[in-house]
Amino acid sequence: MRKDDLTVDEATVIAQHARDGVLELDDPEVRKVVEQANRVLVRAQMWGDEPSPRLRRRRKVIAIGALVMVIVWVAGLLVPLAVRIG
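Residue numbering note: each chain is counted from 1, following its sequence as written. For a predicted model such as this one, the threshold for reporting local features is a pLDDT of at least 70, and the threshold for listing and counting side-chain atom pairs is 80 or more; totals across whole chains, interfaces and linings nevertheless cover every residue. Side-chain metrics rest on all non-hydrogen atoms present in the structure, leaving aside hydrogens and water.

Draft legend 1. Quick peek at the overall build of the chain. Within the chain, the secondary structure is distributed over three helices and zero strands. Helix numbers and strand numbers start at the N terminus; a helix is a DSSP run of H or I with at least 4 residues, a strand a run of E with at least 2. Ordered by position in the sequence, the α and β elements of the chain form the string α-α-α. Overall, the C-alpha framework of the chain stretches about 70 × 30 × 20 Å when taken along its three principal axes. Here a residue-residue contact requires only that any non-hydrogen atoms of the pair lie within 4.5 Å. Summarising the internal contacts of the chain: among those between residues at least 6 apart in sequence, 51% fall at separations of at least 24.

Put into structure tokens, the structure is as follows:
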């Protein structure tokens, strides 16, 4: 988690204050914090509170594997054409 990110608990409190009208939403800085809190809450609802390092590592490995497959596929298409042309 980046150090400027809000925790789910902080985001919940900020969003509740915004709904209750306690915060001054005309101020652009306050509005940015409220929007960030809403993003954190939506992300937490979709993906869970905090993804574990193991889950992050697994997602990275899957993404890198898919990228390698695409690169190999493109190379498989282009290398024979380059050999034939050259």
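There is more to say, and it comes next.
Draft legend 2. Up close: helix α1 (residues 8-20). Here α1 spans 18 Å end to end across 13 residues, near enough to the 18 Å set by a 1.5 Å rise per residue. Partly exposed describes any residue whose relative accessible area lies between the buried limit of under 20% and the exposed limit of over 50%, with all areas from a 1.4 Å probe on protein chains only and scaled to the type maximum. All of the buried residues along α1 are Ala11, Ile14, Ala15 and Ala18. Projection of α1 onto a plane perpendicular to its axis shows the buried side chains occupying an angular sector of 100 degrees, all on one side. For α1, the exposed residues set more than 90 degrees away from the buried face come down to Asp9 and Asp20. Looking at the buried residues of α1, the elements they touch are α2 (28-47). Of the residues trailing α1, glycine 21 is marked for its positive phi of about 85 degrees. Here a helix's expected span is defined as the number of its residues, less one, multiplied by 1.5 Å. The directions considered for the arc run from the helix axis to the C-beta atoms.

Draft legend 3. The nonpolar core, seen in detail. We call a set of buried residues a nonpolar core when its members are Ala, Val, Leu, Ile, Met, Phe, Trp, Tyr or Cys and they connect through side-chain atoms within 4.5 Å of each other. Ranked by size, the top nonpolar core spans nine residues in total: Leu6, Ala11, Ile14, Ala15, Ala18, Val34, Ala37, Val40 and Leu41. Looking at this core, the elements with two or more residues in it are α1 and α2. In this structure leucine 41 touches Val8, Ala11, Thr12 and Ala15, once residues within four positions along its chain are discounted.

Draft legend 4. Summary view of the pattern of salt bridges. By convention in these notes, a salt bridge is any Lys or Arg side-chain nitrogen within 4 Å of a carboxyl oxygen on Asp or Glu. Scanning all chains against the criterion turns up one salt bridge. A salt bridge links glutamate 29 to lysine 32; the nearest nitrogen and oxygen atoms lie 3.7 Å apart. Taken together, the positions of glutamate 29 and lysine 32, both in helix α2 and three residues apart, correspond to about one turn of that helix.

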